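Analysis of the macromolecular model
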Amino acid sequence: MLDVQPNLYDLELTDLEALLKSWEEAPYRARQIWEWLYCHKVTSIEQMTSLPKSLRERLQAETRLPVPHVLDKLESLDGETRKDLLELEDREQVEVVLMRYIERRSACISTQIGCSVGCKFCATGQMGFKRNLTSGEMMMQVLHVAREVEARGKRLSNVVLMGMGEPLLNYNHTLAALRRMVDHKGFQMGQRRITLSTSGIVPGIYKLAEEQFQINLAVSLHAATDELRNQLMPINRRYNLNDLMKALSDYIAQTNRRVMFEWVLIEGVNDTPEQAEALAARVAGMLVHVNLIPLNPTEGFEGQPSSPERMDAFVNILDRHHIPHTLRLRRGTDIVAGCGQLRQRS
Ligand code: SAH
Ligand code: SF4
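Residues numbered from 1 in each chain as written. Chains lettered and ligands numbered in written order. Predicted model: local features only at pLDDT ≥ 70, side-chain atom pairs only at ≥ 80, totals over all residues. Heavy atoms only, no water.

**Some words on the packing of aromatic side chains**
For the coordinates displayed, the defined rule picks out 4 aromatic pairs. Feature note: the residues Tyr9, Trp34 and Tyr38 constitute an aromatic cluster, connected by ring pairs. Taking NZ or CZ as reference, Lys207 lies 4.3 Å from the ring centre of Tyr171, over its face. (Phe/Tyr/Trp six-rings, centres within 6.5 Å; stacked < 30°, edge-to-face > 60°. Lys NZ or Arg CZ within 6 Å of the ring centre and 35° of its normal.)

**Describing the pairing of strand β11 (residues 288-294)**
Counting buried residues in β11 gives 7 out of 7 residues, a clear majority hidden from the surface. Residue alternation in β11 divides its side chains into two sets, Val288, Val290, Leu292 and Pro294 and His289, Asn291 and Ile293, and both sets are buried. Direction of pairing for strand β10 (residues 259-265) relative to β11: parallel, over a ladder of 7 bridges. Bridging across to β11, Trp263 finds its partner in Leu292. In this view, the connection linking β10 to its parallel neighbour β11 by way of helix α10 (residues 273-283) has right-handed handedness. Sheet topology note: the β11/strand β12 (residues 325-327) ladder contains 3 bridges and is parallel. In the sheet register, Asn291 faces β12, and the bridge partner there is Thr326. The β-α-β motif built from β11, the intervening helix α11 (residues 308-320) and the parallel element β12 has right-handed crossover chirality. (Buried < 20%, exposed > 50% of the residue type's maximum accessible area, 1.4 Å probe, protein only. Helix = DSSP H or I, 4+ residues; strand = E, 2+ residues; numbered from the N terminus. Pairing = 2+ DSSP bridges. Right-handed = clockwise from strand over helix to strand, strands pointing away.)

**Considerations on the side chain of Ser199**
Relative to the elements of secondary structure, Ser199 occurs in the loop between β8 (194-198) and α7 (202-209). Sequence-distant contacts of Ser199, defined by excluding residues within four places in its chain, comprise Val117, Glu166, Ser220, Arg229, Met233 and Ile235. (Contact = heavy atoms within 4.5 Å.)

**Observations concerning the site of ligand 1**
Close contacts around ligand 1 come from 19 residues, with Phe121, Ser197, Ser220, His222 and Asn296 the closest. Gly165 is positioned such that a nitrogen or oxygen atom in its backbone is 2.9 Å from a nitrogen atom of ligand 1. Between ligand 1 and Thr198 there is a distance of 3.4 Å, counted from an oxygen atom to a backbone nitrogen or oxygen. Out of a free accessible area of 530 Å², ligand 1 has 96% covered by protein chains. More than half of the atoms belonging to ligand 1 lie within 2 Å of the grid points that define the largest cavity. Here the shell around ligand 1 is composed, by residue class, of 7 nonpolar, 10 polar and 2 charged. (Near = heavy atom within 4 Å. Polar contact = N/O pair within 3.5 Å; in protein donor to acceptor, adjacent residues only side chain to side chain. Areas by Shrake-Rupley, 256 points an atom, 1.4 Å probe, with all protein chains shown as cover. 1 Å grid on protein atoms, 1.4 Å probe; cavity = no way out; pocket = protein on both sides within 12 Å on 5 of 7 lines; lining within 4 Å. Sits in = over half its atoms within 2 Å of the grid points. Nonpolar A, V, L, I, M, F, W, Y, C, P; charged D, E, K, R; others polar.)

**Looking at the site of ligand 2**
The immediate surroundings of ligand 2 are formed by Cys115, Val117, Gly118, Cys119, Cys122, Gly125, Gly165, Glu166 and Ser199. Assessed atom by atom at 2 Å from the grid points, ligand 2 resides in the largest cavity. When grouped by side-chain class, the residues that make up the shell around ligand 2 number 4 nonpolar, 4 polar and 1 charged.

**A closer look at unusual backbone geometry**
Residues other than glycine seldom take positive phi values, yet Lys41 does so here, at roughly 60°. Looking at the secondary structure, you find Lys41 in the loop between α2 (28-38) and α3 (53-62). Classification of Lys41 by relative accessible area gives buried; the value is 8%. Positive phi outside glycine occurs at Arg91, with the angle close to 75°. Note that Arg91 resides in the loop between β2 (81-87) and β3 (93-101).

**Regarding the layout of surface pockets**
What the largest pocket holds in volume is close to 760 Å³. Lining the largest pocket are 34 residues; nearest its centre among them are Tyr101, Arg104, Val160, Asn291 and Arg328. Secondary-structure elements contributing two or more residues to the lining of the largest pocket are β3, β4 (104-108), β7 (158-161), β10, β11 and β12. Size it by volume and the second largest pocket reaches roughly 170 Å³. If you go around the second largest pocket, you meet 12 residues; those closest to its centre are Ala123, Glu299, Val336, Gln341 and Arg343. Of the residues assigned to the lining of the second largest pocket, the class counts are 4 nonpolar, 3 polar and 5 charged. (Points joined across faces, edges and corners; volume = space filled by probe spheres on them.)

**Some details on the domain arrangement of the protein chain**
In terms of domain boundaries, the protein chain breaks down into domain 1 (8-62) and domain 2 (69-335). For domain 1 and domain 2, the distance between their C-alpha centroids amounts to 34 Å. Taken over both partners, the interface formed by domain 1 and domain 2 buries close to 1300 Å², and the fraction arising from carbon and sulfur atoms is 56%. When the buried area of domain 1 at its contact with domain 2 is split by residue, Tyr9, Tyr38 and Lys41 rank highest and sum to 48% of it. Counting across the interface, domain 1 meets domain 2 through 2 salt bridges. Between Glu150 and Lys41 there is a salt bridge, with the nearest N and O atoms lying 2.9 Å from each other. Here the side of domain 1 that touches domain 2 gets 5 residues from one element, more than from any other, and that element is α2. Residues of the side of domain 1 that touches domain 2, tallied by class, amount to 8 nonpolar, 1 polar and 5 charged. (Domains from an automatic or database assignment. Buried area = accessible area lost by both parts, 1.4 Å probe. Salt bridge = Lys/Arg side-chain N within 4 Å of Asp/Glu carboxyl O.)

Next up, the structure:
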C-alpha cells in the first residue's frame, strides 16, 4: 500500500493543505504538521501533540513518516567527520556525513542511489545507477543530521549536495527538497548555506539559473581540456567544456553568484602545469573560485593523490594568474566519508 500512503516528507505545504481539506480538517492544521516536521523535527506522529488524537490516528493510518533506520555509525579519528549509514524503506542504503569544522556543521547528503555519470575516480560512479531519491528521502537525510547536531546543543549550519548521485539528473526532486530546506515556515536553512554540486549537466544548469535561487553552485571540473576530461568524466562527451563554460557564464550573468569549481588533484594526471595553465585560461575573468582537493583513493581507480610538491606547483600557477582558489584538506577519509567515497554496501 506504499503508493497510496504518501510520505509526509514528500509533500509540499500546499499538498498537505489539500490533503487536510479533503479530510475536512481546518486549514491551519497543515501548518501545524509542517512545523512539527521541519521545526520540531519529530520522529513520530504521536509527538504532534497539538493535533487532536483523531487527526493523529488518521495521519498514522493514511500517511507515512519514515524515520531512517541507522545501520551503522562511524566517527573519524580527528572527531571532525561522522558518517551514518541509513536504511531507506525499500532497504536501499545511503550514507550521510556530518562535517564539523571551525564554526560550521555541514550535512553532506545524497540525491540518488548510485550515479549514472560514471566518473572514473568516484566510488559512487563505480557502482552504477540504482534509483533516484525522492525529495522526502533527501529531507530525511537532512533532518537526521540536524537532529544529531541539535542533540548536542548546536545548529546545522550548511547542507551540501555532494553525497551519492548527480542532483541535476534528479532535477525535480532535488529542487523540491531545496525549496523545503529553505522554507521560512519550516526548516529555514539560508539559501546561501546550501551548495549543489554537479558534474556539469548543461541543460540542468540553464534550468537552475531560471529558479532565482541564491544557493551556491559547485561544478566538478577536474580537467581543463576535453581530451583529459573525456577520460575522467565521460559526461564531457555529451556536454563538452565549451558548452559547460557557456552555460556557467549564463548562470553567473543571471544569478550574479560566484561559481565554485571542484578539482580533484590526481598525481601525474590532472596536476600538470599544462592543466593548470589551461584551467587558468578557461576561467580567466569569470566570477569563480577553484576548490582543489587531493584525490581520495577508491578501489576501482588506480590514481593517487598528488604529492605536496605537485600541489604547490599547481597552486603557484593559479596564483600567477590571480585565479582565486582554496586547497582543501582531506577529511573523514579514515572512515571513507570523504568526497567521492560514498557507495552502497552490497
Ligand atoms: N555528482 C555531483 C555531486 C556528488 S560528487 C558532482 O559530481 O559534482 C561530490 C564531489 O566529490 C564532486 O566534486 C566529485 O567530483 C568529488 N569526488 C568524486 N570522487 C572523488 C574522489 N575519489 N576524491 C575526491 N573527490 C571526489
Ligand atoms: Fe556521479 Fe558526481 Fe561521482 Fe561523477 S563524481 S560519478 S557525477 S557522484
